[in-house]
Structures are given as C-alpha cells and as structure tokens.
Amino acid sequence: MYLSLDWLRDYVDFPKSLNPEDLGDKLTMHTVEIDSVEKQAEKFERIVLGKILAVKQHPNAERLQIAKVDIGSEKMDIVCGAPNIKQGQLVPVALLGAVLPNGMEIKQTKIRGEESNGMLCAEDEIGLGDGHSGIMILENGKIGQNFADYLKLKDVLFEVDNKSITNRPDLWGHFGMAREVNTFLDLKPNKSFTRINSLNVKNITPEKEVIKIEAKIENYDLCPRYMALAISNIKIEQSPEWIKKRLIAVGIRPINNIIDVGNYVMLDLGQPMHAFDFDFIASKKNEEGGEVRIVVRNAKPDEEMLTLDNENRKLNKETLLITDGKKPIAIAGVMGGENSGINNDTETIILESANFNDASIRKTSAFFGLRSESSQRFEKSLDPNLCEIALAKAVELIKKLCPEAKIASKVEDNKKFSLNQGPVIFELDWLEKFIGHDIKEERIIKILSKLGFGVEIKKEKDTKKSVVSVDIPTWRATKDISIKEDIAEEVARIYGYDNLNFEMPKVKIGVPKINKARVLEKRIRDILSAQSAATEVYNYSFVGEEQLKKMGIDYSNYIRLANPISQNHTMLRQGLSTNMIGSIMVNQARQKEIRLFEIGGIYINSDGNLDKDDKGEEKLPFQEKRVCLAVAEDKYADAHNNAKAIIGSLLETLDFKFNFLSVETASNWADQKTSAQIEIDKEIIGSINRVSKNVKNKVGLKKEAIICELSLNKLLDLIDKKGDLKYQEIAKYPRLIRDLAFVVNEKVLYNDIRDEIKNFHEYVKEVDLFDVYQGEKIGIGNKNLAFHVVYQAGKTLTSEEVDVIQKKLIKRLEERFEAKIRDY
Amino acid sequence: MEKEILKIKEEILAKAKKIKDPKFLRDLETKYMGRKGEFTKILRSLSKLNDEDKKKVGRLANTVKREIALVFTELKNTLEGGEKGESFVDVTLPGIKMERGHKHPISLLTSDLEDIFTSMGFMVLDGPELESDFFNFEALNIPKTHPARDMQDTFYIDKPNKNGELDLVMRTQTSPVQIRAMREYGAPLKCVVPGRVFRNEAIDAVHDTTFDQFEGFMIGDDISLCNLIAVLKEMLSGVFKQEVKVRVRPGYFPFVEPGIEVDMSCTICGGSGCPSCKQVGWLEMIGAGMIHPKVLEYGGIDSKKYSGFAFGMGVTRLAMMKYGIDDIRLFNGSDMKFLKQF
C-alpha cells in the first residue's frame, strides 16, 4: 500500500523541520515497515514540455513522422508513430537518458535511417493512465517546463510493507496512519482529524424518498453489518483532478466519479465501498423509484455468477453473496457482479458500506484466487463502526462531485455485533517489569490516549499499587488488542524500542543440558572433514519419481507432498544416498577424487515416537538423522578402499570396534556383489554400497562411486551403551609379535579368519591385517593374507612358548580354511 | 692445580679459535679431551688431593670441562655447516600435500551460534522437520483462518487425517520446537534450536524451498523486552566478531506480543545503502518478541507466573551476509568449487 504525504497532510499538521525521509524512518521505527520513499517528481525526471514546430513525413516509413520539437534550450528531431501530432501542439518530451515508469530508457537512435533524439509520450508510457491512442496534448504549459512541475506533482509516496500491517485493520487508510503519526510526533490532532470520528448518518435523510431499501442478513457472523443508501440524479463523469491525482499517486486507476469516490473513501478510511446501479437490482420499479431487497446469504450449490472481470465463476457454499433477492449481484467483499455495476448511463445508485467476517472473506478470495483491495482489507477484521463513518464521508463527497444528486432513501442499517473493548487491567509495576524500562506514568497515559485508548491509573486502597485500566477503541477491538501484552506493545513502540535500556537477563547460571545427538553430529563433521578430507554437502529433503525410477527404488510407500512445486521434489527422501549420487554428478567433471558427506534427515511412512498434537494419541511419521559418505574415483578398488578406510577411521575415532558383513541382497541401485553392512556390537548401523553399472549408466554417473550410510540414532545408542572410557592398566609383560601369511581361497571371509586367530588362544591379544594380495603368482581364485599376531600374557612369554602356539594355529588354519602358509 | 686447569683452558680455547677445518678440531679434541688427553690427565690426578681440595678443584674442573665441550660443539656445528652432503636446501618448498575437507558454511555458522549460546547457558535442541499443523501453527497462535498464514507458503504432506484434512506439514519455522521444549522441560528454560525449514516458494537467486533457521527462547521470572534486545545484540556482536549497530522496530508475528524486528547496519556498505540492503542501509536480521501468553499456555507454562522471549533468524540469510554470497542456490547445490571455500 502507498501512503501519500499530501493526503496525510489532511490530518496531520507537520512541523516544517520534518523531511519525508525522516517521516519514513519514524513510521518504520514506530508503526509499519516503509519499503521506500518515492518523490513523485523523480518519476518524471528528464521529461519536459516541448512545442511541435513542424511535422514531416518519414522518408522511409509510411506510418512514421518526424517532428521538429522546441524544448527551450534547443530544437531537435524526434521520430514519432502517433498520428495525432500537429504543428503548434504542446507535448511531453522524454529526453535522452530519461527512464520511463515502465523501465524504458530513452537513447539516441536511428529509426529507419532517421535520427531520433527523444520520445514524445502517450499517457500509458508515463504511467498516467491507459491511453495509448496518441501523444498527450497539453495546455497552458511553458516550453521547457519540467513535466512534473506542469502536472503539479509534488507528492511524496511511502510504500508500506503490507505484511507489517496484517494485524492492523485500522492502518489500511490514511486516516488511521495519521493517528499514528500524530501520536509518535506528539502533535495535536487538527480539526479535520477530529471531525472524522464524529461523522455519522443521523443527518442523512431522504431529500425525496422514492426508494425503499431493505437489507436482510442470513448470518450475522459472516456479515455483522450492512448499510445501504440510494442516491438519485447521479451524473457519471470523470472525477475532478484533485481526486484523480490522489488516486494515481497511490496507484489506483481513476474510472468515474462514483467508483472513484468509493476508492477514495477506502484509501482514506480503510473501509471498502461498493455501488450498484439501482436499475439492475431493483425488486420493484415505478416511475419515480421503487424497492430494493438486498439479501446477504451463502451461495447455493451449483450457483454461478459473472463477475466484474467478465469471468463466469462457479460458487461454492462457503461463498458469501450479496443478492437482490433473486440473483447474486456481488461476491461479498471480494468483487462485484458484471450485471449490477455502475456504467455511463447510471442515474441512481445503491451505495453499500458493509462489514464482513475476516475468515470468510479470506477463504473466498483464496478460493477464487482474487485478492482485491477490498478483500485485503476485510481479511484484517475491520471495525463495523467504520461502515457508518465511511458512508457519511462518501455521501459528502458524492454531493460535492454531483451537486444535483439527491438522497433517495433512508439509510438502511442492519447490524448485530459486539466488540470486546475491555477494559484491560494490570498493575503499573507489571508494565515496567515486562518492558524492563521505567516509562513515566504521564507518558504512558499520553501515548495511549493519543492512540484512542481510554486510560485510567488508580492507586489501590489495600496494596497501594497503581493499577492501569485501559479501554480499547473500536478500531483496535476486533482482534488486534485484547490482553495486557498488547497494551505494553503500544506503549513500548511509540516510546521507541531504541530508547530502552538494554540489560542482560539476571538468571542463575548453570551448565546447560548437553544435546548428545548434536554433539555427535559435530564430532562426525569434524572427523570426516579434518581427518578424511571429505567435504560436507546439504541436499534437499525431497526426491522425485524419475530419479527413484532410474535407481530402481520402489517409492510406493514414500511420503508425498500434497503441493509440490517441482517434478524433482515430490516426495520425502528415505535415505541420503539418492541425492548424494546427484551431488557426485555435480562435481564429476571437474574433480578427480570426490569425497562428500552429509548429515541429514529422512522421513518414513510409519509412526515414529513424537506426538502429533497435545492429545497424545497420534504420532508423527518416523524421522531420523543419517550420516552419508560418498567416495567417487575412476577406479573401483581405490574408491572402495578409501571409503572403507574413511568409515574405519570414523568409527575407530569414535572408539568403536566394527565389522563389515556380507549381505544376501543389497539395495536395488547397488552392486550386489560388493555391498556390505556395517556392524557394531551385533547391531547393524549402516551399509556400504557401490553404485551398480546399470544405475551408473541410467543416471549418467561417470565415476565409480561408493556410498555409505549410517544411522546416527544407532551410533548414539551404542555410545550410551558403551559408557565412559576407562583407563586400563598398562601390561607389565612384553608383547611378542609373529607375522603370519597364507594363501586361501578368495571366498573365505576375512572376518572368519580373523575371528579364528583372535579366539585361538588366550595369549593372542591382537590380530592386524597388513597385506592382501591377489594375482597369478598365487593362483587365480586365491588370495594371500598377511597378519601381525600379537601375543601377550600375565608373565614374560618365551619365544619357544609362542612358537608352539603359532604352530598349532597354523595347523588349525590349514584344517579349517585350507590355508597354505608362506614362509618368511 | 687450579691455575694449571685455568691455563690449559686458555690454551685450548686459543687453539680452537684458530681452527678452520673440522678435522683439526677433532684432533684438538682428542689431544686434550680424549681418553688420554692432557686435560683428562689433570682430572685423573685429582684423586691424589685431600677431600676438601678434591671438592673445590673438582667443581672447577667440571665447570671448565663443560665450558670447553660447549665451545667444541658450537665450533663443530659452524665448521660442518648443517647436514652432510647437502649443499643447498630450498627452504621455500612445501611438504607433502595433505588433502583437507570442508564443513558446509551453514554448519560453520550454526556451530558458532550454538557456542555463543551454550556459553550463556542455553540448551541446544532439535525437533522434527516433518511437523504437525498443531505444533507448526495452532500452538503458535496461528489458527487456520489467521492472516499470518498468508506469509508462509507451506508444503503440506499428502496424508489426510481421519477428517480428511491435511494436518502434516514440512515445518515452516523452527518455532514448533518451543512448544515441544516447554512441554518436556517446563519453566525456567533457555534453549536455542538450529534447523532446516521449508517454504513452498519458487527457487531463484534469493529464494529456496529449503533453508536454515536459528531459533532461541528464554522463559523465567521477570524476563523483559529489554533483556531480549540485550541478548540479541550480544549474539550479533558474537557472530560478526565486532560491535554491530542495530535498530529495533515493531514487527508482527502471531506467537509473540509485542513483536519486534531487529535490523543490523548493512555489513556490505556499512549503512550507506547498496543493492544488498535495498539501498536502506539496514538488513533485516531477526524476528523476535515476548512469547505470547497463549503460546506459553499451549506449552503448559503458567503465563501469569512466567514470561519469556523468543527470536528467530535465517541462518542462510546470515551466511549470505557474513560471507557475501549472492546466490542462495549455492547452499543446496553441492558444488565443491563453492563448498571448498569454507
């Protein structure tokens, strides 16, 4: 919404020293966010008045003309396409360097071979209307005069961030804003300001009562008030300049006097108005007048109507309608009907000033995708009392614009509403405690009363404490203000947040409870980035069908978004691997070795353990965090070894002993032969997979990729189970180390061999694999494994003792695994 | 005896000074200090002295011996000139390259923020990213018809409840964790909540469907608006490692009353106006306020007894400001050319 400084001046006697930028700042600091302060004249910079000295035909283009234009300082040629230019006319000329409101910059060009040094402007090109029929022809101007000066455009416009007034129904017009300005500038409200609140319809009596209006409201919750009035002898014409200028300034297109009055009142007071043509909605007509029977009701099933924008709209039963007793004539508060609006021949109007339920309007405007100036305001819960003030103001304006107009009916006023105007009562001490700053009593009273609150501060007899009692004005009572915290806000914001003394809270200090999951996440991040040179990525939580299909993943049980905005993001991920493949692909062209990791959430379509609401019956879907590591290189063996090494170093740094376990079946996208699970303490905590050739080709992955995914929750449980580290006494007796190398069939698993050695004798304390070899030398289908075996006991072991055990061990390996020992 | 020792010392030192070749130095060392050396001989003869003299002269002899040894070592080092066989070492050569990894900029910043607040005694909490309508909206004083729902375009989950309503959402803010925390821990309470949030917005250079927020709240006796502003100033100074200029103005969020917005003097132009701050010199950083009594009640906390403040800010936005990043899509884009800069 735009605020016009000129308009605000109606209600505010600004001190001379205040410049527009300061006012913009103050509005932002006390009331609403101002996005920009625009000086109107700036919009017309480098546009001046020029006189056409001569017009000649363009030599190379039939439809173009060349005008010789005098702009005072010089004379220039300008190529023009509009047919309406003639010698002697005064026209707006955009000079080189001018930027038109539509963003077009005027540059020197040749048009069909002829030089053009500027542009003659049509109405629409400079944002003054819709006309594009020809160049604007001006009167009573001076050659070379600035166009803005000619138009007398000296207004300053403040662009209000509408989001910042969603809670303030009273700020959707200049009058309400003026109240704020008067308050924070601490100015005495002027007469035209104080006059507004005393406007009423008591004195609006029929000059010739020829029309009877009856308004029936079916549901007062949806329409708390409906006022209507007939005015005859209307002559539809253009509004006078001062109204048009104000409307254009705040971005509203002038249409005709009656519609303009409605818009003017809305922008002035915040109350949307509507006008019907009596002829189209009369239930009874006679020579002089007739009857109108308005019924405000919900739409019937299958009802339809043609709205002002010429759309035939199917209504739903929640749509609130204004009807003439038979047919719908407007969607209440949102848009009028095509069949009942003002047109050039309208003579008698029915003026509507009504109040509608905020939620109902919101629903309806969302349903039709129609957010009008009117619906935007009703959505905020307008004060039903405003209907009357606005109607009185509109009548005043119409009388001014159409002096012939006659009030042709009584004011119809059907209403049923109640507002909670308080009082809100609290102790003065509370206010100081809550804000944290001592604001003087007089100041509090002043602020609140200027804003329209009734304030009383009394000392209570028993406690001797000052108690504040605040009455809420109607325009703040619909929703905005109801509790003492609301009052505190009024006082604090007008006093100025920046004028408060900031002070750190006085609280007992203590060590906060540790979030173990968060600590683990951080540790993993440190280990993977610092120790394993992996780079952290953040991927979307969403996945798409095409991607999952290519990976052969069954997504029938994936959680879906009801309103996705992209085909690639329709479902919630159940693992981090899918998007991680994408991350590798982003980098595969430029990075030789890729090591990425992510810590992120997954979402499963079954109940988790968090409550869904305060009833505690239903649960949210299961969610957990995972750690995903990806290693991609040109050679599979390198990628696999590096991935395993990184996982190994991660788990060992976390002080876990772990195993890789072979699996019967791996994920569909993984190479079945090389996939493994990761186990700690008999618990599977994750898996390590190689992206299969098939998937690689389908998705366009160029590298060998190993992807590993671990459950953070399971790691956390295992850490809890493990408990704190304990020091173990350093063994007193020396270790003896024997190397052991042998060839076995490649299918014999390392885990089994290691366990066999480890469990062979109580003196075997450690088994370290230090070499794996496969090659023709030892026969295809075999592998050579080499271990360090560490012996240690509660006494000094002799070489002979160890040799005896080692010999037996070799014999066991030969028997169990058909191992062929190699000598060193 | 003592004189003899001192004399031989002078003799050795004088000869040593003249030596230019390490070989002669070794000869000299053998001649005097070796097993059969002259100085050694004198030391041996000490045994003939009486106990008192032995002590006295012995001390001197040892001092001199250490002195001479030191001179010899020094000379040796100077004459041999470093390690054998290396004529010249390019000291500017680097060592073996060790690859390093990188944490995501959001992780770095979040971690900084967490540290600032844990040092002030705040707990760090998380909550579910797939949240219910109840926690994300209802309990935060945003009923279905509330205009505030205009502000947030929400991803709904396609899983209607018994009444056919969509009541699961991708959380649009980290604030639902306020309610969950109040219910679990009660008052007094000091928490921060980092985490991922979602909005149904078309993606461009400044909008993304997925970004990170950082939420904080504190509930206790006599927590005031001024406390809130003080804590926020402390936080911004902590993040930007310098005193920052802030301004506080009214703002509207249904879950706080009063609501405030905290702007920070633009870090890019220093407040004179630039495209990053839309020419106003201020950056909107934080939405905050005093927790609405209704929200406290939803969290099971007696609003008559306790008050509290809450604040939230976009960490993604903060990261863009702090590091001067102009395209939000880089954060979820996995490009290592971007990520390796952090």
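Quick notes on the rules
Here the residue numbering is sequential within each chain, running from 1 through the sequence in written order. Chains carry letters and ligands carry numbers; both start at the beginning, A for chains and 1 for ligands, and go up in the order they are written. This being a predicted model, a pLDDT of at least 70 is required before a residue's local features are given, and a value of 80 or more before pairs of side-chain atoms are given or counted; all residues contribute to the totals for chains, interfaces and linings. Heavy atoms throughout the structure, all of them, feed into the side-chain values; hydrogens and water do not. Per the convention used, a helix needs a DSSP run of H or I reaching at least four residues, while a strand needs a run of E reaching at least two, with both numbered from the N terminus. Burial classes: relative accessible area under 20% of the type maximum marks a residue as buried, over 50% as exposed, and values in between as partly exposed (1.4 Å probe, protein chains only). Residue contacts follow a heavy-atom distance rule, with two residues in contact if any of their heavy atoms lie within 4.5 Å. The pLDDT value tells you how sure the predictor is about a given residue, anywhere from 0 up to 100. What counts as buried area is the accessible surface, traced by a 1.4 Å probe, that two parts surrender upon association, with contributions from both included. A side-chain nitrogen of Lys or Arg and a carboxyl oxygen of Asp or Glu constitute a salt bridge if their distance falls within 4 Å. Any two strands between which DSSP finds at least two bridges are classified as paired. Axes here refer to lines fitted to C-alpha atoms; in helices the fit is confined to the stretch in contact. Angles between the N-to-C directions go from 0 to 180 degrees. Each patch is built from residues that are more than 30% exposed by relative accessible area and take part in no salt bridge. Like charges join if they lie within 9 Å; nonpolar side chains (Val, Leu, Ile, Met, Phe, Trp, Tyr) join within 5 Å. Working definition of accessibility: Shrake-Rupley area with a 1.4 Å probe, residue cover restricted to the visible protein chains. For the charge count, each Lys or Arg is scored as positive and each Asp or Glu as negative, with His and the chain ends excluded. Where a charge lies is defined by one atom per residue type, namely NZ (Lys), CZ (Arg), CG (Asp) and CD (Glu). Directions from the helix axis toward the C-beta atoms define the arc. Throughout this description, a polar contact denotes any pair of N or O atoms lying within 3.5 Å of each other; where both atoms belong to protein, one of them has to be capable of donating a hydrogen while the other can accept it, and for residues adjacent in sequence the pair is counted only when both atoms sit in side chains.

**Student:** Could you give an account of the overall build of chain A, naming the residues involved and the relevant values?
**Tutor:** Along chain A, the regular secondary structure elements total 23 helices and 39 strands. With respect to the principal axes defined by its C-alpha atoms, chain A has extents near 130 × 95 × 60 Å. Taken across its 824 residues, chain A has 53% of its residues classed as buried. Pairs at least 24 residues apart make up 69% of the contacts formed inside chain A by residues separated by at least 6 positions.

**Student:** How would you explain the confidence of the model for chain B if you had to name every residue and give the values?
**Tutor:** Interpretation of the predicted coordinates at a detailed level should be avoided for regions scoring low in pLDDT. In the predicted model, chain B carries a mean pLDDT of 88, and 96% of its residues have values of at least 70. Interface predicted TM-score (ipTM) for the complex: 0.86; the corresponding pTM is 0.84.

**Student:** Describe in detail the interface of chain A and chain B, supporting the description with residues and values.
**Tutor:** Contacts between the two partners involve 85 residues from chain A and, on the opposite side, 99 residues from chain B. Across the interface of chain A and chain B, roughly 7600 Å² is buried in total on both sides, 57% from carbon and sulfur atoms. Our count for the contact surface shared by chain A and chain B stands at 8 salt bridges. Taking the shortest distance from any N to any O, the salt bridge between aspartate 526 of chain A and lysine 103 of chain B comes out at 2.4 Å.

**Student:** Would you mind going over the sheet that holds strand E37 (residues 764–773) of chain A in detail, with residue names and values included?
**Tutor:** Within a beta sheet, neighbouring strands are joined by backbone hydrogen bonds and run either parallel or antiparallel to one another. Residue and element names in this part refer to chain A. Spatial strand order, E37-E38-E36-E39: 4 strands in an open sheet with antiparallel pairing. At either end of the open sheet lies a strand with only one pairing partner, and these are E37 and strand E39 (820–822). The sheet shows a mean angle of 30° between the axes of neighbouring strands, taken without regard to direction. Across 10 bridges, the pairing between strand E36 (residues 736–745) and strand E38 (residues 782–791) is antiparallel. When the sheet's bridge partners are listed, valine 744 is paired in E38 with lysine 783. Contacting E36, E37 and E38, helix H22 (residues 750–758) crosses the sheet at an angle of about 145° to E37.

**Student:** Residue-level account of the environment of serine 107 of chain B, with values.
**Tutor:** Here serine 107 of chain B shows up in helix H5 (residues 105–118). When its relative accessible area of 6% is taken as the criterion, serine 107 of chain B is described as buried. Residues contacting serine 107 of chain B, with those up to four places away along its chain left out, are Arg525, Glu536 and Tyr538 of chain A.

**Student:** Explain the pairing of strand E10 (residues 156–160) of chain A residue by residue, including any values.
**Tutor:** Residue and element names in this part refer to chain A. The element E10 is extensively covered by neighbouring structure, given that 4 of its 5 residues are classed as buried. Relative to E10, strand E2 (residues 34–39) runs antiparallel, the two being bridged by 5 bridges. Paired with valine 37 across the bridge in E10 is phenylalanine 158.

**Student:** Break down a negative patch on the surface for me, with residues and values.
**Tutor:** Residue and element names in this part refer to chain B. Taken together, the side chains of Glu2, Asp51, Glu52 and Asp53 present a region of like negative charge at the surface. Among the elements that line the negative patch, the one with the most residues is helix H4 (residues 51–80), at 3 residues. Relative to the helices and strands, glutamate 52 resides in helix H4.

**Student:** So what's going on with helix H21 (residues 712–722) of chain A? Which residues, and what values?
**Tutor:** Residue and element names in this part refer to chain A. Listed as buried for H21 are Leu712, Leu715, Leu716 and Leu718. Looking down the long axis of H21, one finds its buried residues gathered within 165° of arc, a one-sided arrangement. Measuring from the backbone nitrogen of asparagine 713 back to the side-chain oxygen at the start of H21 gives 3.4 Å, which picks out serine 711 as the cap. Phi turns positive one or two residues past the end of H21, at glycine 723, with a value near 75°.

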